[in-house]
Amino acid sequence: VLVSIQHFAQGHLNVKIMMAGSTLRKVKSRSWKKQRHFRLLEDGLTIWYKSRWAGRGHSTFSVTELEAVREGHQSEVLLSIAEEFPANLCFTLVFHGRQGNVDLVAESPEEAQAWIQGVRKLIHKAQTMDEKERLDQWVWDWFQKADKNKDGKMNFKEVRKLLKMMNVDMNEEHALHLFTMADKSDTGSLEIEEFVHFYKILTQRDEVWKVFQDYSGDGEKLMLEELENFLRIEQQEGEQSAQHAKELIDRYEPSETAKKQSAMSLDGFQMYLCSQEGSIFKPEHRHLYQDMSQPLSHYFISSSHNTYLLEDQLRGHSSLEAYIQALKRGCRCVEVDSWDGNDGEPIVYHGHTLTSKILFRDIISTLKEYAFKTSDFPVILSLENHCGVEQQTVMAQHLRQILGDTLLTTLLDGQIPQQLPSPQELKGKILLKAKKIGGLEDCNDETLTDEVSDDEEMANGEAESPTAEDPPAGCLKENGKSKLSRELSDLVVYCKSLHFHGFEHARLHAKCYEMSSFSESKAKRLTKEAGTDFIRYNTRQLSRIYPSGLRTDSSNYNPQDMWNVGCQIVALNFQTAGLEMDLNDGLFRQNNCCGYVLKPDFLRDGDTQFSPDKPEGRQGYRPLRLSIQVISGQQLPKVNQKEGSIVDPLVRVEIYGVPQDQAKEETSHINNNGFNPVWNETLNFIIHTPELALVRFVVEDYDKASRNDFIGQFTLPFMCIQAGYRHIHLLSKDGTAIPPSSLFVNVSISEFT
């Protein structure tokens, strides 16, 4: 016990040091290193910093925006100044989503440790807060923001300002009425307890109260049986309702009195509805719930294109952080474009462009460290090789030395496979996808030549990299073929890159470990001309799709068309936020975000008759009706930071799936209310192929003069939707959470007859 108390006090000590403040050096590059004064504010969540000399300007960020603290020289920037500052002074704050890291250097090792341990403690605290603490924290944050003169009280003028900040447009009388109700001490200002009461009155949810009233006999509480009825009838939970009702009261009911009576108050009911269990996403689908023992070709695999870029394809910054971010998002197929470097060391960049260059071996070290932090399932390293034989051999040495046993270099059981191994069998392994001399069958040494540049080439006049059709520098050509290094070739086992010669040729001659890459336009064409053939091909072999070479801005194509025909490795620019990445995040949000999702059975059957254009033609065709009543929104973020501007929100529901399922419906917009808009509008859809459909909820700020502004979104597979009264917790454009912003909906799913 003593040890843990000391440990706790030590934890507090670090937090005290942070509150007192420290001068830390913020480092952006070898030449940009500036001192900044950092401190933790009283709320224990906000980190504030400013340059010592500047007058008023300062910046803040919240601990909730942080994902981790890295200790020592754990970023490219800190590695570049390692000579100047020892590792025990250095640390890196890593943010969620695509926000850049902050690299810092402390003045002493002790101070560095205080910040590293202190911030880690606070991150842990922030992540383990329950719904109630989170709400209290949120209220306290608002109180701090609005208490302009910092006297710990809030007068009516400050409250009016606060309402504007909170996206509420309320007439003076009503605001004053609420203010007076909360001002129990009659002092003309609210202290923190009174403010909490004010906030409660403000956030009272009539629409939740109405649902509560429908099931509550006395209008005060839901008895166990009443809650069971609600779960059975509205939430469609069937048999498990009785057991679940007990658990929910235990978990969410704040009042001990109610708990003793096995009852739930309105507060508890609202807390349950706002929790993960009350969310639209089926909790059992968040975990690893799929069979992971089928061949690799039976899964959709989360895949990144030009993984080394953080920005666009022409001038962008190549970075190891880009690999870390993609792997963190659950990506399981990363790409490396390698070129001959000057000093015998292969480099990675987007060839013949101004993107910066990184060493191949540094990427492999990063891969070794981060490959399996988010998921244990295999990572495919897709190599687009432009190196001459010598540096190809250097790459092979790096792969063997750095990755060691993690790199798969031999057949799993020594047998030539008839089908690909499973994600389960390949756990913790990295697979190289590249050219190979000959096949797994013939381990002969007679030929050292092969067509070299990857097959991402001129199949339809569209190169993946600007000159993928040129032979790599330093490759000697003999009779039109260029040389491959035997050492590199030998590392390719289950992912041999090959030029595609048509479905018929593949059916007769192809091996399961041979795979081709298709540009988005070629894949689209094949989908249209021979959708069912493509699906059958994809039951046995992997196919990789990549964005058109014309997308120099790193924009993305819609992955749904490719998933519809069972393509597994649909590579997207992970660095580019937007609809396409929302769909990718949405599909892979299930199954523990492990980066592998089992394809529906009709995309795994080699004799399938399924065609995305004729969904009614398949066995087991059962269309469903999806009806979504969009009830209300809660505390939507401000889009425009201008003082006094308040959003006019509307909700759009978009369906992505087979062509017949693509649809969009939207509500009308509500003027000037981002705080608690109520729509009460129902949107209806028919879903022909539920197993392939994704549903995207988008909230926008209506603007009649120009394009609507994006407020937030959430995307999930149709098969992961829970029916009933549900909250949808919105995400930012970047895919990170923006609590407590949500939508409240009532979903019903029924057979379409």
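Residues numbered from 1 in each chain as written. Predicted model: local features only at pLDDT ≥ 70, side-chain atom pairs only at ≥ 80, totals over all residues. Heavy atoms only, no water.

### Considerations on the nonpolar core
Nonpolar side chains in soluble globular proteins tend to end up buried together.
And then number 1: Leu381, Leu399, Leu432 and Phe534 are the most contacted members of the largest nonpolar core, which totals 66 residues.
And then number 2: At six residues, the largest contribution of residues to this core is made by helix α19 (residues 520-540).
And then number 3: Shared between two domains, this core takes at least three residues from each, and those domains are domain 3 (296-439 + 483-603) and domain 4 (621-751).
And then number 4: In contact with Leu399, other than residues within four places in its own chain, are Phe360, Ile364, Leu381, Gly404, Leu407, Leu432, Leu488 and Leu491.
And then number 5: In this structure, Leu626, Leu636, Trp679 and Cys720 belong to the second largest nonpolar core, which totals 31 residues. (Core = buried A, V, L, I, M, F, W, Y, C linked by side-chain atoms within 4.5 Å. Buried < 20%, exposed > 50% of the residue type's maximum accessible area, 1.4 Å probe, protein only. Helix = DSSP H or I, 4+ residues; strand = E, 2+ residues; numbered from the N terminus. Domains from an automatic or database assignment. Contact = heavy atoms within 4.5 Å.)

### Concerning a positive patch on the surface
And then number 1: Residues Lys148, Lys150, Lys157 and Lys161 make up a contiguous surface patch of positive charge.
And then number 2: Note that Lys161 resides in helix α5 (residues 156-165).
And then number 3: Accessibility expressed as a relative area gives 40% for Lys161, which makes it partly exposed. (Patch = residues over 30% accessible without salt bridge, like charges linked within 9 Å, V, L, I, M, F, W, Y side chains within 5 Å. Areas by Shrake-Rupley, 256 points an atom, 1.4 Å probe, with all protein chains shown as cover. Salt bridge = Lys/Arg side-chain N within 4 Å of Asp/Glu carboxyl O. Lys, Arg positive; Asp, Glu negative; His and termini not counted. Charge placed at Lys NZ, Arg CZ, Asp CG, Glu CD.)

### Things to note about the UniProt feature "glycosylation site" (unreviewed entry) in the protein
And then number 1: Mapped onto the present numbering, the UniProt feature "glycosylation site" (unreviewed entry) falls at Ser185 and Thr187.
And then number 2: Looking at where Ser185 falls in the secondary structure, it is placed in the loop between α6 (172-182) and β9 (189-190).
And then number 3: Exposure remark for Ser185: the relative accessible area of 39% places this residue in the partly exposed category.
And then number 4: Of note, Thr187 is situated in the loop between α6 and β9. (UniProt positions renumbered as here; feature names shortened; annotations may be inferred.)

### Looking at the sheet that holds strand β5 (residues 66-71)
And then number 1: Across the sheet, which stays open at both edges, the seven strands sit in the order β4-β3-β2-β1-β7-β6-β5 with antiparallel pairing between neighbours. Lying at the two open borders of the sheet, with one neighbouring strand each, are β4 (59-62) and β5. The mean angle between the axes of side-by-side strands here comes to 35 degrees, regardless of whether they run parallel or antiparallel.
And then number 2: Where strand β2 (residues 33-40) and strand β3 (residues 46-50) come together, four bridges link them in antiparallel fashion. Bridging across to β3, Leu40 finds its partner in Ile47. (Pairing = 2+ DSSP bridges. Axes fitted to C-alpha atoms, helices over the stretch in contact; angles between N-to-C directions.)

### Points about the packing of α5 against α6
And then number 1: It is at 11 Å that the axes of α5 and α6 come closest, and there the two elements cross at 120 degrees. Viewed along their axes, α5 and α6 adopt a mutual orientation that is oblique. For the pair α5 and α6, the sense of crossing is right-handed. Across from Phe156, Val159, Arg160 and Leu163 in α5, the residues of α6 making contact are Glu172, Ala175, Leu176 and Phe179. (Parallel < 35°, antiparallel > 145°, perpendicular 65-115°, else oblique. Left-handed = near helix turned anticlockwise from the far one by under 90°.)

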